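# Structure at a glance
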Amino acid sequence: MFNYKADMFRDVSALFTDYDGTIAPIDVARHLSRPPDSIYEKLSEISKYIPIAVISTKDCDFLIPRTSFASAWSCTNGLEIRVGRAQYVHEDLPKWQDRFKSLINVINSINEFRDIYLEVKHVGDLIGGLGIDWRNKGSINPEALGKVINVAGELGFRVIRYRGHPFIDIYPGIQIDKGYAVTRLRELMGIKGPVMYMGDSENDIPAMRVVEYPVGIRHRYNEGLDLPVLMWVREDELPTFLGELLSILKAKVH
């Protein structure tokens, strides 16, 4: 059971959160992915008191319909940021389109990838990233995956692997990460006070290092993983944790 003093989060002014493995389960098919009702309802209530932003490697077209409690999103690893109806796209992304097409051609030419889901992450009319997802199949040919990773590296892409997760992400070699996303969102949303960030993987470390209240979500895929967090919350305890945060926020108002 998580353990903290109730007053610890009394001054939280915004909640930023990762998606996969944090508020939504990892081991479900993409089209079924959604925060469980127990989490979705608590986040919807919390959003009445403080703003919520979702920071993810998924694209905005995927995230926004599943997270209507949020008022801002950092999508495709920070290449696209939306605050309300305003959209911000990284200025270097158009330069990577030809390389994306070359890499997609390589992936499509590999027989072992026929049953693997290739996620093309869109940023408007541009490609912002690729995801290779073998959740439906259960496993992936390591040699075929290695070939794609090598070609991606030769083209200058950045490959993100997640320990224990059945997918990888491929992004342009643009120097941005979730820490950049947190900083940019704070600026665009006008957040002046402390921020809580919830995450579950190595990809969340840059964000955790630039917020006041980093919280780790523990599940069977990240047992033993060390992250720079103030506390860990097990995934089955998250609704209770969010309920306690909600009570703190309500008490602050009244």
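Look above for the structure.
About the cut-offs
- Sequence order sets the numbering: in each chain, residues are counted from 1 along the sequence as written.
- At least 70 in pLDDT is required for a residue's local features to be given in this predicted model, at least 80 for side-chain atom pairs to be given and counted, and no such filter applies to totals for whole chains, interfaces and linings, which use all residues.
- Where side-chain values are given, they derive from all heavy atoms of the structure, hydrogens and water being excluded.
- Numbering of helices and strands runs from the N terminus; a helix is a DSSP stretch of H or I covering at least four residues, while a strand is a stretch of E covering at least two.
- Here the globule rule reads 2.2 Å times residues to the power 0.38, and the radius of gyration is calculated from C-alpha atoms.
- The buried label applies to any residue whose accessible area, calculated with a 1.4 Å probe on protein chains only, is under 20% of its type's maximum; exposed applies above 50%, and partly exposed to all values in between.
- Grouping buried Ala, Val, Leu, Ile, Met, Phe, Trp, Tyr and Cys residues that are joined through side-chain atoms within 4.5 Å yields what is termed a nonpolar core.
- We call two residues contacting when some pair of their heavy atoms lies within 4.5 Å.
- Whether two strands pair depends on DSSP finding at least two bridges between them.
- Interaxial angles span 0 to 180 degrees and are taken between N-to-C directions of axes, which are lines fitted to C-alpha atoms, for helices over the stretch in contact.
- Ring pairs shown here join Phe, Tyr and Trp side chains whose ring centres sit within 6.5 Å, with only the six-membered ring taken for Trp; geometry is labelled stacked below 30 degrees between planes, edge-to-face above 60, and tilted in between.
- Any Lys NZ or Arg CZ found within 6 Å of a ring centre and within 35 degrees of that ring's normal is scored as a charge over the ring.
- Reported orientations rely on four angle classes, namely roughly parallel under 35 degrees, roughly antiparallel over 145, roughly perpendicular from 65 to 115, and oblique for the rest.
- A clockwise turn of the near helix away from the far one marks a right-handed crossing, whereas an anticlockwise turn of less than a right angle marks a left-handed crossing.
- Gly counts as polar in this scheme, as do all residues outside two lists: the nonpolar Ala, Val, Leu, Ile, Met, Phe, Trp, Tyr, Cys and Pro, and the charged Asp, Glu, Lys and Arg.

Attention shifts here to the overall build of the protein. A tally of helices and strands in the protein yields seven helices and 12 strands. Here the C-alpha radius of gyration of the protein, 18 Å, is about what a compact globule of 254 residues would show, namely 18 Å. Projected onto its principal axes, the C-alpha coordinates of the protein cover approximately 60 × 35 × 30 Å. Buried positions account for 54% of the 254 residues belonging to the protein.

Of all hydrophobic cores here, the largest spans 33 residues; its most connected members are Met196, Met198 and Phe241. Of all the elements in the fold, those that place two or more residues in this core are helix H1 (37-46), strand S2 (52-55), helix H2 (60-66), strand S3 (72-75), strand S10 (195-199), strand S11 (213-218), strand S12 (231-234) and helix H7 (238-253). Examining the composition of this core, we find that six residues originate from one element, H7, more than from any other. Among residues more than four places away in sequence, those in contact with Met196 are Phe9, Val12, Ala14, Leu15, Phe16, Tyr213, Val215, Phe241 and Leu245. Counting 32 residues, the second largest nonpolar core, distinct from the first, contains Phe100, Ile140, Val151 and Ile160.

Next up on the list: the sheet that holds strand S8 (residues 158-161). Judged by pairing direction, the sheet is antiparallel, and its four strands sit side by side in the order S6-S7-S9-S8 without closing on themselves. Edge positions in the open sheet fall to strand S6 (117-123) and S8, since each of these has one partner strand only. Across the sheet, the mean angle from the axis of one strand to that of its neighbour is 20°, orientation sign disregarded. In terms of strand pairing, S6 meets strand S7 (residues 126-133) through seven bridges, oriented antiparallel. Bridge pairing in S7 places His122 opposite Ile127. Seen against the sheet, helix H3 (residues 97-108) touches S6, S7 and strand S9 (167-171) and runs at an angle of roughly 25° to S7.

Pairing between S8 and S9: four bridges, direction antiparallel. What sits directly across from Ile160, in S9, is Asp169.

Time to look at the packing of aromatic side chains. This structure, assessed with the given rule, holds seven aromatic pairs. Measuring from centroid to centroid gives 5.3 Å for Trp96 and Phe157, while their planes differ by 55°, and the two rings are tilted. In this pair, Trp96 sits in the loop between strand S5 (86-89) and H3 while Phe157 sits in the loop between helix H4 (142-154) and S8, placing the two residues 61 residues apart along the sequence. The buried category is assigned to Trp96, whose relative accessible area is 9%. Members of the aromatic cluster, connected to one another through ring pairs, are Phe9, Tyr213 and Phe241. Positioned above the aromatic ring of Tyr88 is the side chain of Arg184, whose terminal nitrogen or guanidinium carbon lies 5.5 Å from the ring centre.

With that settled, consider the packing of H1 against H7. It is the contact of H1 with H7, at a shortest axis distance of 9 Å, that shows an interaxial angle of 15°. By the angle class used here, H1 and H7 are roughly parallel. Helix-helix and strand crossings are classified by hand; for H1 and H7 the assignment is left-handed. Between H1, through Ser38, Ile39, Lys42, Leu43, Glu45 and Ile46, and H7, the contact on the second element is made entirely by Leu238, Pro239, Leu242, Gly243, Leu245, Leu246 and Leu249. Looking at side-chain class alone, the contact of H1 with H7 contains nine nonpolar, two polar and two charged residues.

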